[in-house]
Amino acid sequence: MKIRDLRALSSEALQSRLQQLGIDLAIERRKIASTGVQSKKTKIREMRRTIAQIKTILKERGVNT
């Protein structure tokens, strides 16, 4: 997601998106660990980047995660 799209979301929507991304990231990591295939490296990188962006936006707004 683009940073401007994330900034347009409400704080509640960002927190729910953050929670869902955390779950998705854990699932992807388990898939890699069980199969040993690292074909989803870019997907994991994008998830981690989006999580960091959401946390930054929430911190700027003064919302605790």
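Structure first, text after, so check above.
Read on for a plain summary of the structure. In this text, all values refer to a predicted model and were calculated from it rather than measured experimentally.

Taken as a whole and judged by the stated rule, the model has four salt bridges. In this structure, lysine 43 engages glutamate 28 in a salt bridge whose closest nitrogen and oxygen atoms are separated by 3.5 Å. Taken together, the residues lysine 43 in helix 3 (residues 41–61) and glutamate 28 in helix 2 (residues 11–35) connect sequence positions 15 residues apart. Residue class for lysine 43 comes out partly exposed when judged on its relative accessible area of 39%. Residue glutamate 28 is classed as buried on the basis of its relative accessible area, which comes to 5%. When salt bridges that share partners are traced, they join Glu28, Lys31 and Lys43 into one network.

This next bit is on helix 3. Because an α-helix completes one turn every 3.6 residues, residues spaced three or four positions apart along the sequence face the same direction. Helix length check: helix 3 (21 residues) gives 31 Å between terminal C-alpha atoms against 30 Å at 1.5 Å per residue, within 8%. Among the residues of helix 3, Ile44, Met47, Thr50, Ile51, Ile54, Ile57 and Leu58 are the ones counted as buried. The buried side chains of helix 3 occupy one side of the element, clustering within an arc of 150° when seen end-on. In helix 3, the exposed positions angled more than 90 degrees off the buried face are occupied by Thr42, Arg48, Lys59 and Glu60. Phi turns positive one or two residues past the end of helix 3, at glycine 62, with a value near 85°.

Right, let's talk about helix 2 for a bit. Across its 25 residues, helix 2 extends 36 Å between first and last C-alpha, which sits within 8% of the 36 Å expected from 1.5 Å per residue. When we look at burial in helix 2, the residues that qualify are Ser11, Leu14, Leu18, Leu21, Leu25, Glu28 and Ile32. Backbone geometry just after helix 2 places glycine 36 at a positive phi near 80°.

What counts as what
- All residue numbers here refer to positions counted from 1 along the written sequence of the relevant chain.
- A pLDDT threshold of at least 70 governs which residues receive local features in this predicted model, and a stricter bar of 80 or more applies before side-chain atom pairs are shown or counted, although totals over entire chains, interfaces and linings include all residues.
- Note: side-chain values were computed over all heavy atoms of the structure, leaving out hydrogens and water.
- One side-chain nitrogen of Lys or Arg within 4 Å of one carboxyl oxygen of Asp or Glu is enough to make a salt bridge.
- Helix and strand definitions here come from DSSP, where helices need a minimum of 4 consecutive H or I residues and strands a minimum of 2 consecutive E residues; each element is numbered from the N-terminal end.
- Buried means the residue's accessible area, taken with a 1.4 Å probe over protein chains only, is under 20% of the maximum for its type, while exposed means over 50%, and partly exposed covers the values in between.
- Residue count minus one, scaled by 1.5 Å, sets the expected span of a helix.
- Here the arc refers to the set of directions running from the helix axis out to each C-beta atom.

In short, geometric facts, not functional conclusions.
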